[in-house]
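Below are the chains, spelled out letter by letter.
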Amino acid sequence: MKKLCIFAWLLMAGSMGLVSCSSDDDDNKDDNRLAEKEQAMQAITDQYVNNVVFPIYKSLANQTSTLFEQLADAKGKLRAGTLTQGDIDKICNTFVSARSAWEQSESFLFGAATDFGIDPHIDTWPLDRTALAKALSSAEIIDDLDDLDDGGIDNARALVGEQQLGFHGIEFIIFRNGKNRTLAALKGIEDDEAFSGRNITGEQELVFATAVAGDLRDKCYQLEVSWLGEQAPKAHQERVEECEFPTTVAGGDTSYGDNMLNATKAGSTLSTWRGVMSTILVAGCSNICAEVAGQKIGQAYLGTDPDYIESPYSQRSYYDFFDNVSSVQFSLYGNLGTTAHANSIMNYLQKHNPTMAADLKARLDAALSALNTAKAGTPFVVESHSAGAKAAMDAINELDDALNTAASWIAAN
């Protein structure tokens, strides 16, 4: 009887041991799955920073540098009587490339672009043409802007006013009514109604555009150096130092790229990899979707502010919006192509929640398709209350919803 009792106790103890062992195994599996996901998120971050953020900011810095050089050259050629329409067309082509790079960066406006006020500084609209006409009427201001070797670019920041700086101040000078500005126009007197009676010449306009392009270049160098740190070209780093622009996170010595790549480590402001995913999806992708749908399209479409129209002189608003949503695609796909990289948020969702991934991709494709249709139609500045604008706005809002849903799921799983 005693033996039987001992045997029964051993069986029970063994059973309890098996249960305990099974529980430990489950815990270990959960820990392994958690570690696996965090490793995947770290790989996603590495791919995103090095193959999305870095190349776009490099392109933006290079394109705006070329734009400045071409405008400075055009200013001299106009004075010498050697400027050609081909020169103007090259400037316009460079502007379009630089503009595209900027708009494709807007899914990661968090960080340096926001912290250092670079976004409003280089991309504020609508342009205050009345204030611009007044500024260009001043011979003193023109002289100050013209002297690029002695603070002309700095004077652009101080004398012209922020609402005339950046892309749209330049856009007004080199585009009109959706077309490249003509050589004849730049050889004559500005005929925009805001300039009536002021006799502003094309030469004065090119003086202004060149100085503003120098400022634009410098701020885009600041973005590049802020993210790439020592990986940015030495000449760009030196120019940023000369301008005394800040480039590091929270006053320390860490670049924004290293801050994200080293998340969870001492010194980084990002304490978890899920926090990084949330930053990319919510602070980045969702934020630009909300801006495009609610402000860039919404304000003019809904009549809140009919004049709140981006890129009206080149008539490329829909191209801007398309590049903004392409920026979201790049962030989700982990590269600048149209197929998700193995180390990407989209591939992560396809592995762990394929239904959600399919829905997110469908909404992304729908938003891009709606904008492609809009691009082929009437320019937004000509007809902002159109079916195409409404379809694009609705599709981008649906994409925004899907992005936030994905972010919440990743944070909870």
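All values derive from a computational prediction rather than experimental measurement.

### A closer look at the overall build of the protein
A count of helical and extended segments in the protein gives 17 helices and two strands. Based on the C-alpha atoms only, the size of the protein along its principal axes is roughly 115 × 50 × 35 Å. Sorting the 413 residues of the protein into buried and exposed places 50% on the buried side. Long-range pairs, those at least 24 residues apart, make up 76% of the contacts in the protein with a sequence separation of at least 6. Surface summary for the protein: the accessible area is close to 18,000 Å², and the carbon and sulfur share equals 49%. Of the charged side chains in the protein, 32 are positive and 58 negative, and the gap between their average positions amounts to 6 Å.

### So, the environment of L145
Following the sequence through the fold, L145 ends up in helix α6 (residues 139-146). Not counting residues up to four positions away in its chain, the partners in contact with L145 are G152, N155, A156, V160, V207, F208 and A211.

### Observations regarding the side chain of T247
Looking at the secondary structure, you find T247 in the loop between α11 (234-243) and α12 (256-261). With residues near it in sequence (within four places) discarded, T247 still touches F116, Q222, V225, S226, V240 and Y256.

### Re the packing of aromatic side chains
In total, this model carries 15 aromatic pairs according to the counting rule given. Relative to F167, the ring of F95 lies with its centre 5.8 Å away and its plane at 80°, an arrangement referred to as edge-to-face. Linking F95 in helix α2 (residues 85-103) with F167 in helix α8 (residues 166-174), this pair joins segments that are 72 residues apart in sequence. Judged by relative accessible area, which is 4%, F95 ranks as buried. Judged by centre distance (5.6 Å) and plane angle (15°), the ring pair of F172 and F195 falls under stacked. Here F195 lies in the loop between α9 (183-187) and α10 (202-228) and F172 lies in helix α8, a separation of 23 residues in the sequence.

### Observations concerning helix α5 (residues 129-136)
Among all positions of α5, only L132, A133, A135 and L136 are buried. Within α5, the buried residues cover an arc of 165° as seen down the axis, which keeps them to one side. For α5, the exposed residues lying more than 90 degrees away from the buried face are T130 and K134. Packed against the buried residues of α5 are α6, α7 (152-160), α8 and α10.

### Observations concerning a negative patch on the surface
Taken together, E140, D143, D147 and D149 make up a surface patch of like negative charges. With respect to the secondary-structure elements, D147 resides in the loop between α6 and α7.

### Considerations on the nonpolar core
One finds I297 and L332 to be the most contacted residues of the largest nonpolar core, which totals 128 residues. Of all the elements, helix α1 (residues 2-80) adds the most residues to this core, at 16 residues. Ignoring sequence-local partners within four residues, the contact set of L332 consists of L281, S344, I345, M346, L360, L364 and L403.

### A closer look at the packing of α6 against α10
The N-to-C vectors of α6 and α10 enclose an angle of 50°; their axes lie 9 Å apart at closest approach. Between α6 and α10, the angle is such that the two are oblique. With respect to the hand of their crossing, α6 and α10 are arranged in left-handed fashion. Touching I142, L145 and D146 of α6 are Q204, V207, F208 and A211, all from α10. Here the contact of α6 with α10 is composed, by residue class, of five nonpolar, one polar and one charged.

### Some remarks on the environment of A112
For A112, the position within the fold is in helix α3 (residues 112-115). Accessibility expressed as a relative area gives 0% for A112, which makes it buried. C-alpha of A112 to C-alpha of T94: the two residues are 18 residues apart in sequence and 24 Å apart in space. Each residue touching A112, except ones within four places of it in the same chain, is listed here: G117, I118, L223, S226, W227 and Y256.

### Topic: the pattern of salt bridges
Inspection of the entire model under this criterion finds 23 salt bridges. Close ionic contact of K296 with E106 constitutes a salt bridge, the shortest N to O distance being 3.1 Å. One end of the pair, K296, is in helix α13 (residues 273-301); the other, E106, is in the loop between α2 and α3, and 190 residues separate them in sequence. Here K296 and E106 have matching classes, each one buried. A salt bridge links K296 to E310; the shortest N-O distance between them is 3.3 Å. Taken as a pair, K296 in helix α13 and E310 in the loop between α13 and α14 (317-333) lie far apart in primary sequence, 14 residues in all.

Conventions used here
In this convention, every chain numbers its residues from 1, walking through the sequence in written order. Thresholds applied to this predicted model are a pLDDT of at least 70 for local features of residues and 80 or more for the giving and counting of side-chain atom pairs; totals over whole chains, interfaces and linings are not thresholded and use all residues. Calculated side-chain values reflect all of the structure's heavy atoms, with hydrogen atoms and water omitted. Counting from the N terminus, the helices are the DSSP runs of H or I reaching at least four residues and the strands are the DSSP runs of E reaching at least two. Partly exposed residues are those whose accessible area sits between 20% and 50% of the maximum for their type, while under 20% is buried and over 50% is exposed, using a 1.4 Å probe and protein chains only. Throughout, a contact is declared for two residues whenever any of their heavy atoms are within 4.5 Å. Each accessible area is a Shrake-Rupley result for a 1.4 Å probe, and residues are judged covered by the shown protein chains and nothing else. His is not counted here, nor are the chain ends, while Lys and Arg score as positive and Asp and Glu score as negative. Each charge is placed at NZ for Lys, CZ for Arg, CG for Asp and CD for Glu. A pair of aromatic rings is counted whenever rings of Phe, Tyr or Trp (Trp by its six-membered ring) have centres within 6.5 Å, and the orientation is called stacked for planes under 30 degrees apart, edge-to-face for over 60 and tilted otherwise. Along the arc lie the directions from the helix axis toward the C-beta atoms. Here a patch means residues that are over 30% exposed by relative accessible area and free of salt bridges, tied together within 9 Å if like-charged and within 5 Å if nonpolar (Val, Leu, Ile, Met, Phe, Trp, Tyr). By definition, a salt bridge exists where a carboxyl oxygen of Asp or Glu is found within 4 Å of a side-chain nitrogen of Lys or Arg. Definition of nonpolar core: a set of buried residues of the types Ala, Val, Leu, Ile, Met, Phe, Trp, Tyr and Cys, connected through side-chain atoms within 4.5 Å. Note on definitions: angles span 0 to 180 degrees between N-to-C directions of axes, and those axes are lines fitted to C-alpha atoms, for helices only across the stretch in contact. Reported orientations rely on four angle classes, namely roughly parallel under 35 degrees, roughly antiparallel over 145, roughly perpendicular from 65 to 115, and oblique for the rest. Throughout, a crossing is termed right-handed when the near helix is turned clockwise from the far one, and left-handed when it is turned anticlockwise from it by less than a right angle. Under the scheme applied here, ten amino acids are nonpolar (Ala, Val, Leu, Ile, Met, Phe, Trp, Tyr, Cys and Pro), four are charged (Asp, Glu, Lys and Arg), and all others, including Gly, are polar.

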